[in-house]
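Remarks on the overall topology
The lines below spell out each chain.
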Amino acid sequence: MTHLPSIPIVLDPAGADRHAENVLLRSHGAAVPVDVLGVQAWSVTDPDVLKKLLNSPDVSKDARAHWPRFAEVVRTWPLALWVAVENMFTAYGADHRRLRRMISPAFTARRVAGLSEVIDTVVTTLLDDLDALPAGESVDLRERFAHPLPIAVIGHLMGIPDHQQTDFRKVVDGVFDTTLTTEQANANTATLYTVLGRLIADKRREPGDDMTSLLIATRDEDGSTLSDAELRDTLLLVVSAGYQTTVDTIDQGIVLLATHRDQLAHVRAGRATWTDAVEETLRLEPAVAHLPLRYAVNDIALPDGQVIAKGEAILASYAAANRHPRWHGESADAFDVTRPSKEHLAFGHGVHYCLGAPLARMEGAAALRGLFGRFPDLELVVPAEELEPVGSLISNGHKALHVRLRSSGT
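Residues numbered from 1 in each chain as written. Predicted model: local features only at pLDDT ≥ 70, side-chain atom pairs only at ≥ 80, totals over all residues. Heavy atoms only, no water.

As recorded in an unreviewed UniProt entry, the protein goes by the name Cytochrome P450, listed as coming from Streptomyces bikiniensis.

This is the structure:
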């Protein structure tokens, strides 16, 4: 007789075997208590329940207002930044609507479409560099392709000078690294705010036609609209969300298409599109596996009789929900670009749905189309199951992605 493990389930901070972990989480029903680096929360894996909670006014992202443990936890928790930032990510109600309005203009359909040329130029430049490598040589596509594209695009949008983009990349990587100690995480946060402070000072001195300059002008013209902390943390949100998650989406898309040649053939033959490939990647391997945290504003009764009590924390377990067999059937774990419904929660749901989703989709499709168009026979150097995941229970990518772009004989 088998026994379910004790509750709460302790989540692996390194994300070493997240698929097995997600199966375990789902086996407990709609939600189950979990330990997130020493903090207890409800992991919600049922897609219907999760969507309902993400849309409910009974669920907040404002830890200061709705999480009684905030003051205690924020002092020692390695993920303190995720709950302590002051931007729309952690806002609730009217404050959320106010802060979201600040950056919505940067992500209109017209502005995103206007970035298409920037994306294509960056993709072509990166591919040209890769094309110059000797045939048969191994190259890390995460380092040489998946990383530089999103940071260049978000750098263009935010007005981050090229020489500062490396600094941003390093500290944003640290934000998503859930293997850091509290001391390491605090040091990374301090460096992060130094880098952001430098960007704000530079843009105040020499404003440009970019989102950073626009937000600074809004702050300086009317301090009641946007505080200094909200300005800084809103810039942090846009840079980090617009960069790291897109890196992982491109990374996972490359792995899935390189290891499922039949699915790549569907796209090449026109039976599916590159957008289909991106959507199925987002469903099967979402860039954000678990997103901390939300909080119950009132007691919340779940369909299975469990109750999330007022003030308890909630973890949106997107990766587990995306593969729920009740949502996508017995083939939920299969990569199928022709799947009729590729519905997923990779960009969240409800009022906090990711504003940058259209941009991320455009970058992903351009990256995969360009890469496999230039190197149709690229192959992984090691089997996919031997790729080492990034050390994170949040991010879903790989530490490195070594491939051969073409065989030595071509």
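**So, the overall build of the protein**
Across its full length, the protein carries 19 helices and eleven strands. Its C-alpha atoms give the protein a radius of gyration of 21 Å, near enough to 22 Å, the size a compact globule of 410 residues would have. Referenced to the eigenvectors of the C-alpha coordinate spread, the extents of the protein come out at roughly 70 × 65 × 40 Å. For the protein, the proportion of its 410 residues judged to be buried stands at 56%. (Helix = DSSP H or I, 4+ residues; strand = E, 2+ residues; numbered from the N terminus. Rg over C-alpha atoms; globule rule 2.2 N^0.38 Å. Buried < 20%, exposed > 50% of the residue type's maximum accessible area, 1.4 Å probe, protein only.)

**Some remarks on the sheet that holds strand β2 (residues 31–36)**
Here six strands make up an open sheet; going across it, the order is β1-β2-β3-β9-β6-β4 and the pairing mixed. A single partner strand is all that each edge strand has here, and the edge strands are β1 (9–10) and β4 (59–60). Of the strand pairs in this sheet, β2 and strand β3 (residues 39–44) are connected by six bridges, and their pairing is antiparallel. Across the sheet, valine 36 pairs through a bridge with valine 39, a residue of β3. Helix α2 (residues 47–55) contacts β3, β4, β6 (291–296) and β9 (313–316) of the sheet and is inclined by roughly 115 degrees relative to β3. (Pairing = 2+ DSSP bridges. Contact = heavy atoms within 4.5 Å. Axes fitted to C-alpha atoms, helices over the stretch in contact; angles between N-to-C directions.)

**Considerations on the sheet that holds strand β11 (residues 402–404)**
Reading across the sheet, the three strands line up as β5-β11-β10 and stay open at both edges, with antiparallel pairing between neighbours. The sheet is open, and its two borders are formed by β5 (138–140) and β10 (379–380), each paired with just one other strand. Summarising the sheet, β5 and β11 pair through three bridges and their orientation is antiparallel. The residue of β11 that forms the bridge with serine 138 is arginine 404.

**Quick look at helix α10 (residues 148–158)**
Burial within α10 is extensive, with eight of its eleven residues counted as buried. Turning to α10, its buried residues are Leu149, Pro150, Ile151, Val153, Ile154, Gly155, Leu157 and Met158. Of the residues flanking the end of α10, it is glycine 159, one or two places downstream, whose phi is positive at about 75 degrees.

**Re the environment of proline 78**
Looking at the element boundaries, proline 78 is found in the loop between α4 (70–73) and α5 (80–84). Given a relative accessible area of 23%, proline 78 falls into the partly exposed group. Separated by 100 residues in the primary sequence, proline 78 and threonine 178 place their C-alpha atoms 7.3 Å from one another. Among residues more than four places away in sequence, those in contact with proline 78 are Leu37, Leu180, Thr181, Thr182 and Ala185.

**Focus on helix α14 (residues 228–259)**
Between its first and last C-alpha atoms α14 spans 47 Å; for 32 residues at 1.5 Å apiece the expected length is 46 Å, and the two agree. Taken across its 32 residues, α14 has 28 buried, putting it largely inside the fold. (Expected span 1.5 Å × (residues − 1).)

**Describing the packing of helix α12 (residues 182–205) against helix α13 (residues 211–221)**
The interhelical angle for the contact between α12 and α13, taken along N-to-C directions, is 80 degrees, at an axis separation of 10 Å. Classified by the angle between their axes, α12 and α13 sit roughly perpendicular to one another. Of the residues in α13, those touching α12 at Leu199, Ile200, Lys203 and Arg204 are Thr212, Ser213, Ile216, Arg219 and Asp220. Each residue belonging to the contact of α12 with α13 can be placed in one class, and the counts come to three nonpolar, two polar and four charged. (Parallel < 35°, antiparallel > 145°, perpendicular 65-115°, else oblique. Nonpolar A, V, L, I, M, F, W, Y, C, P; charged D, E, K, R; others polar.)

**Points about the packing of α14 against helix α16 (residues 274–284)**
Put simply, α14 and α16 touch, their axes get as near as 9 Å, and they point 105 degrees apart. With respect to each other, α14 and α16 are oriented roughly perpendicular. Within the contact between the two elements, α14 uses Thr249, Gln252, Gly253, Leu256 and Leu257 and α16 uses Trp274, Ala277, Thr281, Leu282 and Leu284. Its residues assigned to classes, the contact of α14 with α16 shows six nonpolar, four polar and no charged.

**A closer look at the packing of aromatic side chains**
Evaluation of the coordinates by the stated rule reveals six aromatic pairs. A ring pair is formed by tryptophan 67 and tryptophan 77, whose centres lie 6.3 Å apart and whose planes are at 65 degrees; its orientation type is edge-to-face. With tryptophan 67 in the loop between α3 (63–66) and α4 and tryptophan 77 in the loop between α4 and α5, this pair connects stretches of sequence that are ten residues apart. Like tryptophan 67, the residue tryptophan 77 is buried in the burial classification. Look at tryptophan 82 and phenylalanine 176: their rings are 5.2 Å apart centre to centre, the planes differ by 90 degrees, and that puts the pair in the edge-to-face class. Here tryptophan 82, found in helix α5, pairs with phenylalanine 176, found in helix α11 (residues 162–176); they are 94 residues apart in sequence, far enough to count as distant. Side by side, tryptophan 82 and phenylalanine 176 carry an identical accessibility label, which is buried. Ring-pair connections join several aromatic residues into one group, and the members of that group are Trp67, Trp77 and Tyr295. In this structure, lysine 61 packs its charged tip against the face of phenylalanine 89, placed 3.4 Å from the ring centre. Lying across the ring of tyrosine 193, arginine 232 places its NZ or CZ 3.8 Å from the centre. (Phe/Tyr/Trp six-rings, centres within 6.5 Å; stacked < 30°, edge-to-face > 60°. Lys NZ or Arg CZ within 6 Å of the ring centre and 35° of its normal.)

**Digging into the pairing of β3**
For β3, the tally of buried residues reaches five of six residues, placing the bulk of the element in the interior. Where β3 lies against β9, three bridges are found, and the strand directions are parallel. Along β9, the bridge assignment pairs serine 43 with leucine 315.

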